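One-letter residues, chain by chain:
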Amino acid sequence: MALRPVAPADRRRRRNIVAAVITALVASLLLFVPMRSAHAADSLLSQGKTATASSTENAGTPASAAVDGDTGTRWSSAASDPQWLEVDLGASATVTSVTLNWETAYATAFKIQLSSDGANWTDAYSTTTGTGGKQTVSVNGSGRYVRMYGTARATGYGYSLWEFQVYGSAGGTTPPSGATLISQGRPATASSTENAGTPASAAVDGDTGTRWSSAASDPQWLQVDLGATSTISSVTLNWETAYGKSFKIQTSADGSTWTDVYSTTTGTGGNQTLNVTGSGRYVRMYGTARATQYGYSLWEFQVYGTAGDDSGGGDNGGTTGGGTGPIQGGGDLGPNVKVFDPSTPNIQGQLDSIFAQQESNQFGDARYQVFFKPGTYNNINDQIGFYTSVSGLGKNPDDVQINGDMTVDAGWFNGNATQNFWRSVENMALKPVSGDDRWAVAQAAPFRRMHVEGGLNLAPNGYGWASGGYIADSKIDGTVGPYSQQQWYTRDSSVGGWTNGVWNMVFSGVQGAPAQGFPNPVYTTLNTTPESRDKPYMYLDGSGNYQVFVPNMRTNASGVDWPNTPGTSIPLTQFYVAKPGVSAETINAALAQGLNLVLTPGIYHVDQPINVTRANTVVLGLGYATVIPDNGVDAMKVADVDGVKLAGFLIDAGAGKSPQLLQVGAPGSSASHASNPTTIQDVFARVGGAGPGQAGTAFEINSNDVVIDHTWLWRADHGAGVGWTTNPADEGLKVNGNNVLATGLFVEHFEKYDVEWAGQNGKTIFFQNEIAYDPPNQAAIQNGNTRGFAAYKVDANVTSHEGWGLGSYCNFTADPTIIQDHGFEAPNTPGVKFHDLLVVSLGGMGQYAHVINDTGPGTSGTSTTPSTVTSYP
């Protein structure tokens, strides 16, 4: 007989019965266990303080419920390991004990950890034999933050605490004795205020019950006018819970030019007295990184020292202060961002106008981002040309309903879709007019976060040549028909069916994908994707404000992560919104100030690298915003820090030779970022094509734990500025970091290795490659005793590496007699493994002798038939 599913109410009743039984057992056991003495000398420090958690089971079990003093409310987490609950005590405190009042879902293994900054943690207690119930553990340490860090659950549920109580003695400091307070009652101004009840003046009124608080973005500042130039000896900051982790104390004679007299990146909050030496009429706190998701908030901002003489008529009536001030976040998105709502007149006419300009504009300068606000749009057929990105502005794809099509075809190129590059669509639902949407694209044309209420045809009208492509986080209700597409990669999606394949169809985490069958049929299928994070995207919140949503990392993912994608929203006010023509110096100043970066559509020439130095920075391009390095500089450098997100832009090599176009981590980087990897998504590189360009390496990855999710690194084989000595570039991708994952890797035409992998434990799921077309002869690519440079080389020192679904093609147009010894090269060791490899000679224009090393049959003749290896070694 069929088993009846357990209703939620039944599950709750059963769980409550179990809870009651366990509670009774615990109570009876306590009769025989000596009790710890009451907290006679300790104060309860945690009740009512700000609490946060790694996750919550639902809206009814928030983190705050564990510090509210009510044993009838509780925090509970998601049902996975690890999880944590953290309380901010507001200031550094001495902690002597912690009481955990567990609900039924308790931890068998957990730690109590302390931190001064909420980032670096010290274990104060650890157990692997937790018993649940009500536990009081003795600790000996100090910190502003205290957390329970659970690593193993006792039940199939998450972690759940009725109360989390921290006992000890509160910390704090007092101003230096004998100092003179010179700021109280003086005019104060600020970069922003949270609301009318938290003005700047409240931080200098001597009342610790009133406060200034800012908007929830970085940077922010609060300044006081002392009325005359004064000697400063110390500054006291009495922070509310929302404090500054990174901030400076600055002085100024004129409120315009500022001098740093104190700087920290490890602020602890609470009551801080800072010994400073300096002078000035104006003193300010300049915050660059907040410790919480709120703004900056000060009960009091006190300046001590010797007051100057303001009898000479100084203006004591206040100041706007700050001169040019900090670079502001937010603002308009520029003229090449088109935003439609369902009431916008002539939407179709505007779309047609953009397409008419961009249909064949392969190497032009025009760039467009098209946004659709949430709502329903009827009778739309958006034909998408070069450098055009089309996106919905909903939180979920189904928030934007297009009754019509998002179309890519190849009429401009006589039905050949192999050059339909640099265009995208994301975050909307389509109901195609004919039942099938046509998306006949090649490289650098992602189809992300889409819901197709029908089928998807990946071939051009007439089924001409096609060489794409990439789908991620999308749901296609009907069948996907690749037809003439030579290769394709689909990640973390669901499909109603898949009709065929030519050479190389790869799936990871795709529900409804065809079964593994390579080489016949040509399917490489992984049930899950090891790690993935969907691309950051822009949306409109309930108040009509722009936000950028950053999805969380997923492990062993399968299927879409929407609706209700886990992640974080960042308001546009926390981004520097760059426009074409802005200098790299200004962009770097904004990034250094703590802002994220949006590159609006257009061309950006940079005379110094764009430097991303802060962990968790988001750099988001709109409409294929394009960065061109001048005078041989690198276009962008990312420091060896956690969690940077790069997405949605193109780097185009300049006339001067850049050592690398993108560098992630300096050479020798060694930090672990396993818990918060950097991600590179829909970031593309081009050398030549739009004009002469050159580079040493397109992307160099030195950091560990980087995820490259869809890139096309292309040394141009057509366009302007193309030739063996005209657009030279040695390597496409060089990986030196460990634990780097590439999903959807397209690299073509570099003059040496297209990919060279030196880091340990690398993984690639799907690789598409064409060897450089244009070496003038065999000697031009001789690699020692080897004929040609492999398309994908794993260095001899590597002992752990794995790849699935990798293909390389040759088309030696300048000398068809060239022979390539192999498409793939790797050390012959058990830890280096490949699955489903192929090499192809396109029409007999050159040949491969082997597939990988000396393994696999060579190509021959003009039949364009793949040679394959299903497993190596």
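Our structure's up above, just so we're on the same page.
Quick caveat: nothing in here was measured; it's all calculated off a predicted structure. (Residues numbered from 1 in each chain as written. Predicted model: local features only at pLDDT ≥ 70, side-chain atom pairs only at ≥ 80, totals over all residues. Heavy atoms only, no water.)

Caption draft 1: Region of interest: the overall build of the chain. Counting secondary structure elements, the chain contains three helices and 57 strands. For a compact globule of 873 residues, the expected C-alpha radius of gyration is about 29 Å, and the chain comes in at 30 Å, within 12% of that figure. Here the C-alpha coordinates of the chain stretch approximately 90 × 85 × 60 Å along the principal axes. Counting the 873 residues in the chain, one finds 58% classified as buried. Of the contacts formed within the chain by residues at least 6 apart in sequence, a portion of 68% connects residues at least 24 apart. Carbon together with sulfur atoms contributes 49% to the accessible area of the chain, which is approximately 31500 Å² in total. Computed over 48 positive and 72 negative side-chain charges, the inter-centroid distance for the chain is 6 Å. (Helix = DSSP H or I, 4+ residues; strand = E, 2+ residues; numbered from the N terminus. Rg over C-alpha atoms; globule rule 2.2 N^0.38 Å. Buried < 20%, exposed > 50% of the residue type's maximum accessible area, 1.4 Å probe, protein only. Contact = heavy atoms within 4.5 Å. Areas by Shrake-Rupley, 256 points an atom, 1.4 Å probe, with all protein chains shown as cover. Lys, Arg positive; Asp, Glu negative; His and termini not counted. Charge placed at Lys NZ, Arg CZ, Asp CG, Glu CD.)

Caption draft 2: Representation of empty space enclosed by the protein in the model. According to the stated counting rule, one finds three cavities of 30 Å³ or more in the structure shown. When its volume is computed, the largest cavity comes out at roughly 180 Å³. Q369, S391, E426, K535 and G621 are the residues nearest the centre of the largest cavity, which is lined by 22 residues in total. Going through the elements one at a time, β17 (368–372), β19 (388–392), β21 (423–430), β31 (537–540), β39 (618–629), β41 (645–652) and β43 (678–687) are the ones with two or more residues in the lining of the largest cavity. Among the elements that take part in the lining of the largest cavity, β39 stands out by supplying five residues, more than any other. Its residues assigned to classes, the lining of the largest cavity comprises 10 nonpolar, nine polar and three charged. The volume enclosed by the second largest cavity comes to roughly 70 Å³. (1 Å grid on protein atoms, 1.4 Å probe; cavity = no way out; pocket = protein on both sides within 12 Å on 5 of 7 lines; lining within 4 Å. Points joined across faces, edges and corners; volume = space filled by probe spheres on them. Nonpolar A, V, L, I, M, F, W, Y, C, P; charged D, E, K, R; others polar.)

Caption draft 3: How the structure looks around the sheet that holds strand β32 (residues 546–551). Pairing is antiparallel in the open sheet, where three strands are placed in the order β31-β32-β34. Strands with a single pairing partner mark the edges of an open sheet, and in this sheet they are β31 and β34 (567–571). If you compare each strand with its neighbour and ignore which way they point, the axes differ by 35° on average. Taken together, the five bridges between β32 and β34 define a ladder with antiparallel strand orientation. Each bridged residue has a counterpart across the sheet, and for F549 the counterpart in β34 is S569. (Pairing = 2+ DSSP bridges. Axes fitted to C-alpha atoms, helices over the stretch in contact; angles between N-to-C directions.)

Caption draft 4: Representation of the pattern of salt bridges in the model. Here the structure, examined in full by the defined rule, presents 30 salt bridges. Ionic contacts of the salt-bridge type, sharing partners, join the residues E426, R448, R449, D473, R491, D492, D534, K535, R554, D561, D682 and D709 into one network. (Salt bridge = Lys/Arg side-chain N within 4 Å of Asp/Glu carboxyl O.)

Caption draft 5: The arrangement of the side chain of N416 in detail. Structurally, N416 is set in the loop between β20 (400–407) and β21. A polar contact is formed between the side chain of N416 and the side chain of T418, at a distance of 2.7 Å. Not counting the four nearest positions on each side in its chain, N416 is found in contact with A410 and W465. (Polar contact = N/O pair within 3.5 Å; in protein donor to acceptor, adjacent residues only side chain to side chain.)

Caption draft 6: Summary view of the pairing of strand β44 (residues 695–701). Burial within β44 is extensive, with seven of its seven residues counted as buried. Across five bridges, strand β42 (residues 658–664) lies against β44 in parallel orientation. Each bridged residue has a counterpart across the sheet, and for Q660 the counterpart in β44 is T697. As paired elements, β44 and strand β46 (residues 729–735) share five bridges and run parallel to each other. Paired with T697 across the bridge in β46 is E731.

Caption draft 7: Looking closely at helix α3 (residues 584–593). Here α3 has its buried residues at A584, I587, N588, A590, L591 and Q593. In this structure, the buried residues of α3 make contact with β14 (271–290), β35 (575–578), β36 (596–599), β37 (603–606) and β38 (610–612). Downstream of α3 by a residue or two, G594 has a phi angle that is positive, lying close to 110°.

Caption draft 8: Representation of the sheet that holds strand β54 (residues 819–825) in the model. Strand order in the open sheet made by the nine strands is β38-β40-β42-β44-β46-β48-β52-β54-β56, with parallel pairing throughout. Both outer strands of the open sheet, β38 and β56 (847–852), are each paired with one neighbouring strand and no more. The sheet shows a mean angle of 25° between the axes of neighbouring strands, direction not considered.

Caption draft 9: Representation of the nonpolar core in the model. Residues L599, L646, I680, L733, Y792 and F834 are the most contacted members of the largest nonpolar core, which totals 74 residues. What F834 contacts, discounting residues up to four positions off in sequence, is Y792, V794, H801, G803, L806, A826, I852, T870, S871 and Y872. (Core = buried A, V, L, I, M, F, W, Y, C linked by side-chain atoms within 4.5 Å.)

Any link to function would need more than the numbers given here.
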